[in-house]
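# Summary of structural features
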Amino acid sequence: MISNVQKYINSHIEDKLSLNDVAAVFGLSPNYLSALFKKNCSIGFSEYITQRKISRAKTMLLEQNMKIYEAADRLGFESAFYFSKVFKKVEGISPREYIQARTKEEENS
């Protein structure tokens, strides 16, 4: 069940994904899905979605040369500011710092 939920999340990562919406797709109660997810994945539902969105954002920023605000918008964040805050929380650096660091790495290799 959880692997199907993860596949669904990954294929809909650019949508706004709430626990209630995803639970409804699978005919589960939000509380049950949340508990099941935590038990099987060792991280919470929201944390999983955040990590997947940031992972997708990194691809968008580097491989598709998207602007930070474009990636934020595409991934359903309410603002580029909020996106940057979440990105920094997950990665430890801002999206701009991430792009600059990766660009330097490519130039040096």
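Anything mentioned here points back to the structure above.
Residues numbered from 1 in each chain as written. Predicted model: local features only at pLDDT ≥ 70, side-chain atom pairs only at ≥ 80, totals over all residues. Heavy atoms only, no water.

## Focus on helix α3 (residues 30-41)
An ideal rise of 1.5 Å per residue puts 16 Å on twelve residues; α3 measures up with 16 Å between its terminal C-alpha atoms. Along α3, the positions that sit buried rather than exposed are L33, L36, F37 and C41. Down the axis, α3 shows its buried residues gathered within 100° of arc, on one side only. In α3, those exposed residues whose orientation departs by more than 90 degrees from the buried face are N31 and K39. Where α3 ends, the next residue or the one after it, S42, has phi of about 65°, a positive value. (Helix = DSSP H or I, 4+ residues; strand = E, 2+ residues; numbered from the N terminus. Expected span 1.5 Å × (residues − 1). Buried < 20%, exposed > 50% of the residue type's maximum accessible area, 1.4 Å probe, protein only. Arc of directions from axis to C-beta.)

## Things to note about the packing of aromatic side chains
By the definition in use, this model includes seven aromatic pairs. Taken together, a centroid distance of 5.1 Å and an interplanar angle of 70° make the contact between F77 and F83 edge-to-face. Under the relative-accessibility criterion, F77 is labelled buried at 12%. The class for F83 is buried, based on a relative accessible area of 0%. Pairwise contacts between aromatic rings join F77, Y82, F83, F87 and Y98 into one cluster. (Phe/Tyr/Trp six-rings, centres within 6.5 Å; stacked < 30°, edge-to-face > 60°.)

## Some words on helix α6 (residues 80-91)
Taking 1.5 Å per residue, twelve residues should reach 16 Å; α6 reaches 16 Å between its end C-alpha atoms and fits that length. Of all the residues in α6, the buried ones are F83, V86 and F87. Taken down its axis, α6 places every buried residue within 105° of arc, on the same side. Turned more than 90 degrees off the buried face of α6, the exposed positions are F81, K85 and K89. Looking at the buried positions of α6, the neighbouring elements they touch are α4 (45-63), α5 (68-74) and α7 (95-108). One or two positions beyond α6, positive phi appears at G92, with a value near 85°. (Contact = heavy atoms within 4.5 Å.)

## Observations regarding the packing of α4 against α7
The N-to-C vectors of α4 and α7 enclose an angle of 55°; their axes lie 10 Å apart at closest approach. Considered as vectors, α4 and α7 are oriented oblique to each other. The handedness of the crossing between α4 and α7 is right-handed. Residues K58, L61 and L62 of α4 form the contact with α7, whose participating residues are P95, Y98, I99 and R102. (Axes fitted to C-alpha atoms, helices over the stretch in contact; angles between N-to-C directions. Parallel < 35°, antiparallel > 145°, perpendicular 65-115°, else oblique. Left-handed = near helix turned anticlockwise from the far one by under 90°.)

## Focus on the nonpolar core
Residues V5, I9, L33, F37 and F45 are the most contacted members of the largest nonpolar core, which totals 16 residues. Counting residues per element, this core draws most heavily on α3, at four residues. Grouped together as the second largest cluster of nonpolar side chains are 14 residues, M60, M66, A72 and F77 included. (Core = buried A, V, L, I, M, F, W, Y, C linked by side-chain atoms within 4.5 Å.)

## Looking at the environment of S94
The topology assignment puts S94 in the loop between α6 and α7. Excluding its chain neighbours within four sequence positions, the residues that come into contact with S94 are F87 and K88.

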